[in-house]
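# A closer look at the structure
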Amino acid sequence: MAWPSNRLLIGNGASEFIDLIMRLAPGGAYRVGPFIASYKEYERAAKVAGRTVIPHSDKATKAGVTVIIHPNSPSGEFMELPELELIVQAAQAEGGVVLVDESFMPHMGPNWHAHSALTLVEKYPATVLVVNSWTKIWCCPGLRLGSVACAEQWYNIMKKNQTPWSCNNMAQAFCAAVAADEEFQLQTWKLLPEWRQRQQDLITALGWTFNTASPLWVPWVFVDCGSAEVAERAAAAAQDAGCPVRWCASFDCPSRLRLGIRTPSQQDQLQQAWCKMLGK
Ligand SMILES: Cc1ncc(COP(=O)(O)O)c(C=O)c1O
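The structure contained in this document is the topic of the report that follows. (Residues numbered from 1 in each chain as written. Predicted model: local features only at pLDDT ≥ 70, side-chain atom pairs only at ≥ 80, totals over all residues.)

### Examining helix H2 (residues 41–48)
Counted only if it meets this: Around each residue's C-beta, the other C-beta atoms within 10 Å are counted; 20 or more make the residue buried, 12 or fewer make it exposed, and counts in between make it partly exposed. All C-beta atoms are placed from the backbone. Under the DSSP-based scheme used, a helix requires at least four consecutive residues in state H or I and a strand at least two consecutive residues in state E, with every element numbered from the N terminus. In this description, the arc belongs to the directions extending from the helix axis to the C-beta atoms. The contact rule is simple: place each C-beta atom from the backbone, and if two of them lie within 7 Å, those residues are in contact.
Taken as a whole, H2 has its buried residues at Tyr42, Ala45 and Ala46. One side of H2 carries all its buried residues, which in axial view fall inside an arc of 100 degrees. On its buried face, H2 sits against helix H1 (14–24), strand E2 (29–31), strand E3 (53–54) and strand E4 (63–69). Backbone geometry just downstream of H2 places Gly50 in the positive-phi region, at approximately 85 degrees.

### What to know about the pairing of strand E6 (residues 128–133)
Going by this rule: When DSSP locates at least two bridges between a pair of strands, those strands are taken to pair.
Counting buried positions along E6 gives 6 out of 6 residues, so the element sits mostly inside the fold. Across the two faces of E6 the burial is the same, with Val128, Val130 and Asn132 and Leu129, Val131 and Ser133 all buried. Pairing of strand E5 (residues 97–101) with E6, which is carried by 4 bridges, proceeds in the parallel orientation. In the strand pairing of E6, Val98 is matched with Val128.

### Some details on the site of the ligand
Our working rule: Residues are counted as near a molecule or strand when the C-beta atom, derived from backbone positions, lies within 6 Å of that molecule or strand. The nonpolar class holds Ala, Val, Leu, Ile, Met, Phe, Trp, Tyr, Cys and Pro. Asp, Glu, Lys and Arg form the charged class, and all remaining residues, Gly among them, are polar.
In the region of the ligand, the neighbouring residues are Gly13, Ala14, Ser15, Tyr39, Ile69, Ser73, Asp101, Ser103, Ser133, Thr135 and Gly146. For the shell around the ligand, a count of residues per class yields 3 nonpolar, 7 polar and 1 charged.

### So, the sheet that holds strand E9 (residues 220–224)
This is how the line gets drawn: The angle between two axes is taken between their N-to-C directions and runs from 0 to 180 degrees, where each axis is a line fitted to C-alpha atoms and a helix contributes only its stretch in contact.
Strand order in the open sheet formed by 4 strands is E8-E9-E11-E10, and the pairing between neighbours is antiparallel. Each edge of the open sheet is held by one strand with a lone partner, namely strand E8 (209–210) and strand E10 (246–247). Note that E9 and strand E11 (residues 256–260) share 5 bridges and pair antiparallel. Directly across from Val221, in E11, lies its bridge partner Leu259. Helix H7 (residues 182–206) contacts E8, E9 and E11 of the sheet and is inclined by roughly 15 degrees relative to E9. Along the sheet, helix H8 (residues 228–240) contacts E10 and E11; its crossing angle with E11, the most-contacted strand, is approximately 30 degrees.

Below you can see the structure in the form of structure tokens.
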């Protein structure tokens, strides 16, 4: 699928567009997605732009921006397009926009475009903007590389308001090189679900649970350790073992961990540390 370049803006990470859209979108609140917790940068950017933050269930307050993280981080659920389209139609009716964050969508597999909100940009040009961070699928957290795909009218508004020379040459060269590396993509799509299944089995062996509503291609497991105390100790033990995981207290989920999918040998190293911690 070739996306037209006059509707794709490249920038200094997805964060640049999260910030820009919160400032430039129609007035009104920021309505969060219908998930237990979501990536917090949206809340920061919304507040800086003078927006109040409302839960997804609040349909009485007008929202200028609704954000759907697709799949959602950290909980890992994935919303299919018919459900997403209903949210878009509701936003259109109230004069707001829907920012769909697809930073982890390319992990789905070779057919990810068919499930992407990019199709909704065509259908609802005034309402849907799709943001991506390209440091996830290509594993380069040190670089800044993000994009927004949107209708031409939004492209022009954002281009005008974007900092000039936003995306540097290094990030552009990296993008051109990795986009051509088909073998890396194929390996990711093959290995990720296998390694994720393996990681889930290890979590079950520890007596912990995880969000089973999250599909296997999502590159992390949302683990429930049963208590905040155990989750905090588990995060510290993981750090000491050289396999850091994300303790989700800052998402108001203190008993949970967001556990990125690593190689089998790294999974075993982490499991050893957690078995020791639990006296297993
Ligand atoms: C869901 C999601 N969106 C956006 C971002 C920010 O991306 P970037 O580093 O490209 O600004 C992150 C970073 O972790 C993320 O998890």
